[in-house]
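Results of the structural survey
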Amino acid sequence: MDDGPAEATAVAPPPRYTVVTLFPDLIRSYVAEGVVGRAVKRGLAVVDTVDPRDHTTDRYRSVDDVPFGGGAGMVMKPGPVARAIESAGPAARRVLVTPSGRLFSQADAVAFSRLDSLVLVCGRYEGIDQRVCDTLIDDEISIGDYVLSGGELAALVVIDATLRLLPGVLGNAESAQHESFSDGLLEHPHYTRPATWRDLPVPPVLLSGHHARIEAWRRQASLRRTARVRPDLLASAALTDAERQDLLDGTSSHEETD
Ligand code: JCQ
């Protein structure tokens, strides 16, 4: 087989995730471990950090200041965080993680996984000077309706959810598993050995070896769990008419596992 001149075969660089943070060690320690750590070590993604404190110009290396108009808490000064963002160079998307953003979803993770670069900006204190958001930020996302002490955990959530979607990061089996969450339902329960544990048996169908019945049981368990725990998800989930009818027939008398 002739693949053409070897010297002309361009290799795309891996996607780059740059985190702008006052606590780079928090990011580094997480991305050194587990699925994300393996992906980074294999060169499937690059995660790096930029510290706004390294972009200060005053003797005290100050990154925050009192809010104009008064009030409690401190605000991140625009200069250091702006220079930190710009030091990452051009990026496909610059995202601020903040409780004031729109809610991050699996669909966002899929969209981010198709970008070749992403800058994630972590706020601390009460937030970041609005002029930085207005001029340097493309997107503001929240991971949920609660307040964290800083954006680092939220940025790590976004990186983790995004990076595991990159080609080659998960094995084939795990990737296929994914598709099953993409049907918009919650997962069915999982069991492993022993078949009886503390007098608790595994649902017998799972030991039957009857793959069609097992799939049907899992589908029903997913549907019932979703109806019970997250009924809001059913509106956009792909359900057959028969499945919708089954859920309407369902009462508290039957649990998800029967
Ligand atoms: C993200 N859900 C909660 C806290 C201000 C940029 O301004 C701020 C950022 C944070 C950190 O992020 C969160 C968060 N999603 O708390 C306050």
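Scroll up for the structure.
We now turn to the structure provided with this report.

Reading the values: the criteria
- Residues numbered from 1 in each chain as written.
- Predicted model: local features only at pLDDT ≥ 70, side-chain atom pairs only at ≥ 80, totals over all residues.
- Helix = DSSP H or I, 4+ residues; strand = E, 2+ residues; numbered from the N terminus.
- Contact = placed C-beta atoms within 7 Å.
- Buried ≥ 20, exposed ≤ 12 C-beta atoms within 10 Å, placed from the backbone.
- Arc of directions from axis to C-beta.
- Near = placed C-beta within 6 Å.
- Nonpolar A, V, L, I, M, F, W, Y, C, P; charged D, E, K, R; others polar.
- Pairing = 2+ DSSP bridges.
- Right-handed = clockwise from strand over helix to strand, strands pointing away.

This part covers the environment of H55. Assignment of secondary structure puts H55 in the loop between β2 (46-50) and β3 (64-65). Beyond its immediate stretch of four places on either side in the chain, H55 contacts P80, R83, A84 and S87.

Listed as buried for helix α2 (residues 34-41) are V36, A39 and V40. Down the axis of α2, the smallest arc covering the buried residues is 95 degrees, so these residues share one side. Looking at α2, the residues exposed on the side facing more than 90 degrees away from the buried face are G34, R38 and K41. Looking at the buried residues of α2, the elements they touch are α1 (24-31), β2 and α6 (152-163). Positioned one or two residues after α2, G43 has a phi angle of 80 degrees, which is positive.

Our focus in this paragraph is the site of the ligand. In the vicinity of the ligand lie 16 residues, with T98, G123, G127, S142 and L148 positioned nearest. Tallying contributions element by element places strand β5 (residues 93-103) first for the shell around the ligand, with four residues. When grouped by side-chain class, the residues that make up the shell around the ligand number nine nonpolar, seven polar and no charged.

With that out of the way, let us pick up unusual backbone geometry. Omega for the peptide link from R193 to P194 comes to 5 degrees, which places this bond in the cis form. Structurally, P194 is set in the loop between α7 (172-181) and β8 (196-197). If you check the backbone angles, R61 has positive phi at about 55 degrees while not being a glycine. Note on placement: R61 falls in the loop between β2 and β3. For R61, a count of 13 C-beta atoms within 10 Å corresponds to the partly exposed category. Despite not being glycine, R198 has its phi angle at roughly 50 degrees, a positive value. For R198, the position within the fold is in the loop between β8 and β9 (200-201).

With that settled, the discussion passes to the pairing of strand β6 (residues 117-122). In regular strands, side chains alternate between the two faces of the sheet. With respect to burial, β6 is a largely interior element, five of its six residues being buried. Sheet topology note: the strand β1 (residues 16-20)/β6 ladder contains five bridges and is parallel. Its bridge partner being in β6, R16 is matched across the sheet by S117. Alignment of β5 against β6, held across five bridges, turns out to be parallel. If you follow R93 over to β6, its bridge partner there is L118. On the question of chirality, the crossover connecting β5 to the parallel β6 by way of helix α4 (residues 106-113) is right-handed.

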